[in-house]
Amino acid sequence: MYADWASVREEIQRSTDHESVLTLSFPTSVGKEVAGSVVHYLAFMVGKNNDDNEPSSLTTDTAVKWTMQVLCHGLTLPMTDYETVRECVNIYCEWLMCLTSPKKCVPIPILEDPNSYSQDILKHLSNIFVPRRDQDQLSRQAMLCHRVLKTVQHSATTSEIITDQTWDCLLRFLLVINDVLLSPPAEKDSIGSQLCERVLSVLFEIWILACCRCFPSPPLWKTLKEMCSGWRHHEALVMQWHRVNVAFTLRLLKVIYGNSARGLQLSEDEEKLIPEGISNECIIQCWFRFLHILGNPVELSRPSVIANTPKFLHMAITSEIPIEPEEHECLKNLPNIFYRAMRSVAFVADAFLGISQRDAADVDWLMSSLSSRQGDLSAVPNTSTPPSHRRPKPPFHLPHVAKVVKDSGPRPNLSETWAGPSFAAFAPIMSNAASDNGALSPSRPTVNSLLHLLGSWLLEASLVGVRVYGSTAKAFRSRAASLHMDSDPARLQSQLDHSLTDGGRGSFDAGYEMGRAQGCGTLCRIFCSHKTGESVASIYTSRFYISLYYGLQVFSDMKTIPVVLASVISNASDLLRLDLEGVHVLLPQLLSALEDLQPRFRYKHDNVDEDLDLRHASIHLLLSAICLPLQFGNLPIRAILDDQRMDPAVTFISLKKRLADLLQKMLTSETDSVNTQMLLGGLVVCVHDQALYEEAIGDQNETTDSVQDLFGMATALVCRCLTASWKTDLNCALAAMEVLSAFARIKMKNPNALHCKRIINWICEFVSSQCSRPAPAHSKDLHSMIVMAFRCLTVWLMEHDYLMQDKECLHIVLQVVELGVSGSMSQPKASSVPRFKGDKELKPVSLRVRDAAEVLLATIIDYVGSFPPPCGPESLCTLLDEESLIKHCSKKKMADSSLPDAGLPFQYFVIDGSTIVGLLEQPLGGGDETLPTVTAIVRGAFGRHAWTMQLRHHPRSFQRDPKSESVNPVISSIEPKIPPRIQHQYFPEIVQQIPPVLADQSIPRLESTMSEYQPELSKLQSLIAAQVQFEQACIQNHAKQRKPVPKCTKPSSCQEFQSARLFLTHYGFLTLDGLKTGSMSGMMPSLVRLNSSDSNLWNDLKQLDCLSVRTADTVYLFYVKAGQSKLTDILQNVTQRCSVQGQFLEFLRSLGWPVDVEEHSGWNGSVATSWKAKGSRAKDKTYPSDTGGSLYDGGQQVLYWSDVSTEVAFVVPSPSTHLSSIESEKSCIQAAGSATSSGDNSALVKCKSLSLELEGVPTDAGPPVRPKRTGRSGASAITSDVHVMVVWLESYEDHLSFPLLDAQKACQLSKTNAVPLSSSQKNINTNQTCVVFVHPLRNGLFRIHLQAQQSRVSEAVPLVDGMVVSRRLLGHLVRQTAINIFRRRQLDSEQYQPPHVRRKMKIKDIVEKYECKLTEPEFFASLFQDTIVNKQQTVAD
């Protein structure tokens, strides 16, 4: 920079302007006497003149100059003549005020020409800073020096008459005094040590002020740079240099990027450092010049270079004890100074990248660390002025290191770092790139730009103390030479020799590893700021890779984590997810470093986890590499160094087992919840990718581990950790259940049924153990874990239905279901006596747990082994309703009618208060109409079902022949028959064989009593005789008039049946106990009849049908081209196929299958059009083919996916649907407003019909009845409040400028079908939005970035922020992550209700509104006639 300019350093050092004639021409005693007399008189006169307001007696120029010679000599006197020296300082300080506010005591010649005399005064005042031999008077000399510095700084700051020559003299004065104090080696309790910080701060502050008022000449800049190179053994120089760099760098960023750039704020001290009114050009010039004022900061790691100054050589020559210059005690502080210098360089890089600096506690942490490691540093000065309580806040803060342990073992070629630092506190070293707040500035410079500025320093610092192997060193030197700005070949070669070799084991101090770690960390942050499509010079990437190669090395004798390795791992977490050319050559070294780090990590369960951030960064690197082996297969990885000691080339696929083993080890040891969830996500990716890979290649599996092995290892590991250590951690337990659910969906050939059964047992044991915990442990979090476990069981049983064929597995599952529903098991152990269900008290753990258990039970009964149903996966229920059934009714009049205009021909009954049964007694077409037929539509908590039943008395195979009735007809005739004579016996025959006894005579005979009743007996005999005669006469008359008897015919079949009554009776619903109010006797449910004649019942039934039995969610997808930030431009991308990447369309089809909105009977993203029974599909319907995804905007098609418990619609918003939604909203709002003003309610009714509020509809019968609600209403009661967006980014940096609020509004309008949003819906909550950004990399993989607000329940897995996944996995993982996000937010919501619970509540509302209040006789009578029901309705009206 200053090669063509001559330095004035020698001129300044050889100048004699500060010497007095008394010093040069007279003996010391004479000069002392003269100075004492003159100075005391002048001091007296100065004080008197100030008090009396009289002018000075020095009126001529000669008198003033002679007096100044005396004062100049007085300033050279020793501190034993303190009074004389002090008065000289006071006089000169009073006279120097002539530049600002002159006093009367100032001589007139000085007032007339202040600049000329001020220059001489400054030259003379430099004598006060010359060190004295009397060390006991240092404090007095320091006080006088402070007085001078304060006066000089005040004059320079406030004066407006200083000329250019005075500015030049002032800067030379500051250079002189700094050189005098700071050039010699630092000694303890020296004047230089006490004034070091003060003189440097005044030098830089006044120099900056001079840049604003009179820019220093190039020779002065070169002199400053040369002199600073001789002061670098002082820590205060680097601190002041950093202070200036901070101020100018932040001001420069404001000049370049504006006031709001990067959000970096100057402190109060830094604001005062740069004067107001400084021009932008001056800021740029000062920033660059001050940045290079110390030269190459890496030289601070070489004591031989720092000690190669005349002062150090003079010290070595004149020292009483022979000592090498580089072995001076003060140079032991160079590791600290080197670290601070590299920290300052790192700050400049971070500022341009937009990385904010973190605060830390202790500035002197490294000094204490070095003391404990290297022994006493008492020779190093540690006192400075001003005192610590008046010292300004340090320009940057270093973290506290709790303990530094010295390793006495042998030192390897790559020097090991300090033992035991607290990496959690290495805020300046650790990058926050892996954290949520580590977003880089979108307007940051390119990698090449930053490396042009700082690359030579950083690349050299990253190899401090490293010996480069073999032939690579020579090539490395030749390439490195082009990066250095030094034009001296000899010096350049020396620098390279120092940077590439460790100079022997004894010449390099491991303390420099902190500075080296800063260099490596800063390089990693710079390269990780690589933008999409940005090219980096190959010379930079090659040197960077070599630096990381050595930075990632760990030697076996290292017992702790090397700080360089920690810095690299912490700052390079994004390295493998960038499109850096050739970055994968580092994969073997990175994997080896992670393997070596894992056993060195310290895991703590308390709040102080020192290695937490480092483990977090390690996991990010692992997740970035997990898909690489299967992506590149047998492709070899070239070695960075071609040296015989290096390992031979390895292939990507050979690293797969090592990655899986490392993932398993880290998951087993990890104690942090966030890190554990990240590892669980990586475990899913590892296993699922292997499964899809084997499915694609078939039997040509080239890997050592099959998916069955990985699946068994992964599931067993997760289950063991879940039951052992994660059962008290909500987020870990939820993530584990999500991972197990993901494992259940992995398709494998010949799955291990025994292992799957074992997994079911593990989950059931988890539920049982959680339910059995003591009452104080029960909380919302605990119940959320149990609910998620039941959902996980549902997924496993649906995907592995063969498990239900195992009696033991079925028994275990049903026991857990019983536990969830009732709160206890009937038979907890096999040896226990079972309790009957009726004898148990229903005390479930919680209502949420009971609901989850009911869902699992319903799934086992209804859907295990029978999903999807015949109507397809879009509907678990029948698509038939009352309207469709009536159209198939055999009666023409009823088939042509519409509901509810013609009334409801169905009779509705409610069974047990939870199931609505609609019975249609009219037969449907196509059946035997002669049989009693009933069609039942059953609506319950788990859906709508339609059944058609006929009452049959013979099997269907029975064929009735009508001709058989006329064959051999039976002719009836009356034939006279002689009745047989029967002798009746009143006693058994054995009675006659028993001989009589006297007791037999105790009962009188009948003949003996006839005398008493003779009249009555005679009358009876006459009546009998008359009857006999009459009967004989009749027989005779009939024989005379004999006629044939008519033929017996079969009665005609009944054509009208009360089949509803038969159905209720035959199924046991119609009982006396079931009709009693509040009756719980027997097993029969209660029975209630609904008023079918009420037309509003049909509307409520339709609203019940709109409550799906599954959760319904919507995921919105956007495609963002490079540089786009407006929603209108983003929506326009999907209108044409040529505007999107082919991978995007492939990704869309992997999310779900396309369905037509008009024909789809499931969830389609809009509440108004979902869950409707649709007609037949049009065969000739065509769809546009040249679209980029706009076909799935919800207008014609959507992408749909569902399982037994979830429906998901994937919608790609387009300009047409977005515009139509906005226009519909505006028109509806205008119509509603005009209707309100005019009193016309038709528009309001129209808007209400489209609304999402499932409330009662106004009718003529009375005011609408609003059902009672305990949960959410409206759209929230049907769909989730959470928005999940998937954004495809061509450029990864565009995730910072994505218009989230506009996209949320578009999604809300799409979901509500352009219905005017309510006040609660208009207040869009960004906390309820999760965005999944997908960025395709050039290597065929995809980078994932998750953006969501932190909540009590963390985000779901398997996708985690920063993960890199393969193409075959992308669709599966995005869909599953979106579903899990919805489920987690539902668990965390206080108002969420499961679908079947919402349906129960709706059924309860319907029963309360339409129940017929009938007595038992009236209920039975109503089954035979409808008059009772009509009468009851009339009374109710």
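Structure first, text after, so check above.
A. Quick look at the pairing of strand 4 (residues 915–920). Most of strand 4 is tucked away: 5 of the 6 residues are buried. Bridging between strand 3 (residues 907–911) and strand 4 involves 5 bridges; their strand directions are antiparallel. Paired with V910 across the bridge in strand 4 is I916. In this structure, the hairpin formed by strand 3 and strand 4 is closed by a connection of 3 residues, where D912 is found at a positive phi of approximately 60 degrees.

B. Structural detail: the environment of Q1143. In this fold, Q1143 is placed in helix 43 (residues 1142–1151). Counting along the chain gives 193 residues from Q1143 to P1336, while the straight-line C-alpha distance between them is 8.4 Å. Excluding residues within four positions of it along the chain, Q1143 makes contact with W1288, P1336 and F1342.

C. View of the packing of aromatic side chains. Within the structure shown, the criterion is met by 29 aromatic pairs. Taking the centre distance of 5.2 Å and the plane angle of 90 degrees together, the rings of Y549 and Y550 count as edge-to-face. The burial state of Y549 is the same as that of Y550; both residues are buried. Both rings, one in W1153 and one in Y1200, keep their centres 5.7 Å apart while their planes meet at 75 degrees; by these two values the pair is edge-to-face. One end of the pair, W1153, is in strand 9 (residues 1153–1156); the other, Y1200, is in strand 10 (residues 1197–1202), and 47 residues separate them in sequence. Here W1153 falls in the partly exposed class, since its relative accessible area comes to 32%. Connected via pairs of aromatic rings, a cluster forms that spans F204, W207, F215, W221, F248 and F290. In this structure, R140 is placed above the aromatic ring of Y82, and the distance from its NZ or CZ to the ring centre is 4.6 Å. Taking NZ or CZ as reference, R1343 lies 3.7 Å from the ring centre of Y1292, over its face.

D. Quick look at the nonpolar core. Membership of the largest hydrophobic core comes to 321 residues, with the highest contact counts inside it found for F129, F743 and W796. Listed in part, the 21 residues of the second largest apolar core include Y1116, V1198, L1289 and F1333.

E. Examining the pattern of salt bridges more closely. Under the criterion given, the structure shown has 38 salt bridges. Here D851 ties to R850 by a salt bridge, and the two come within 3.8 Å at their closest N and O atoms. It is possible to trace a salt-bridge network through shared partners that takes in R850, D851, E854 and K1400.

F. The environment of P932, seen in detail. Here P932 is to be found in the loop between strand 4 and strand 5 (933–940). Overall, P932 belongs to the buried group, its relative accessible area being 9%. Taking C-alpha positions, P932 is 7.9 Å from R952, a pair spaced 20 residues apart along the chain. Residues within four places of P932 in sequence aside, it is in contact with M949, Q950, L951, F1057 and L1062.

G. Focus on the pairing of strand 10. Where burial is concerned, most of strand 10 is hidden: 6 out of the 6 residues are buried. The side-chain alternation of strand 10 yields two buried faces, one formed by Q1197, L1199 and W1201 and the other by V1198, Y1200 and S1202. Where strand 9 meets strand 10, 4 bridges bridge the pair, whose relative direction is antiparallel. If you follow V1155 over to strand 10, its bridge partner there is V1198. Taken together, the 4 bridges between strand 10 and strand 11 (residues 1206–1211) define a ladder with antiparallel strand orientation. By the bridge assignment, W1201 is partnered in strand 11 with V1208. The loop that links strand 10 with its antiparallel partner strand 11 comprises 3 residues.

About the cut-offs
- Residues numbered from 1 in each chain as written.
- Predicted model: local features only at pLDDT ≥ 70, side-chain atom pairs only at ≥ 80, totals over all residues.
- Heavy atoms only, no water.
- Buried < 20%, exposed > 50% of the residue type's maximum accessible area, 1.4 Å probe, protein only.
- Helix = DSSP H or I, 4+ residues; strand = E, 2+ residues; numbered from the N terminus.
- Pairing = 2+ DSSP bridges.
- Contact = heavy atoms within 4.5 Å.
- Phe/Tyr/Trp six-rings, centres within 6.5 Å; stacked < 30°, edge-to-face > 60°.
- Lys NZ or Arg CZ within 6 Å of the ring centre and 35° of its normal.
- Core = buried A, V, L, I, M, F, W, Y, C linked by side-chain atoms within 4.5 Å.
- Salt bridge = Lys/Arg side-chain N within 4 Å of Asp/Glu carboxyl O.

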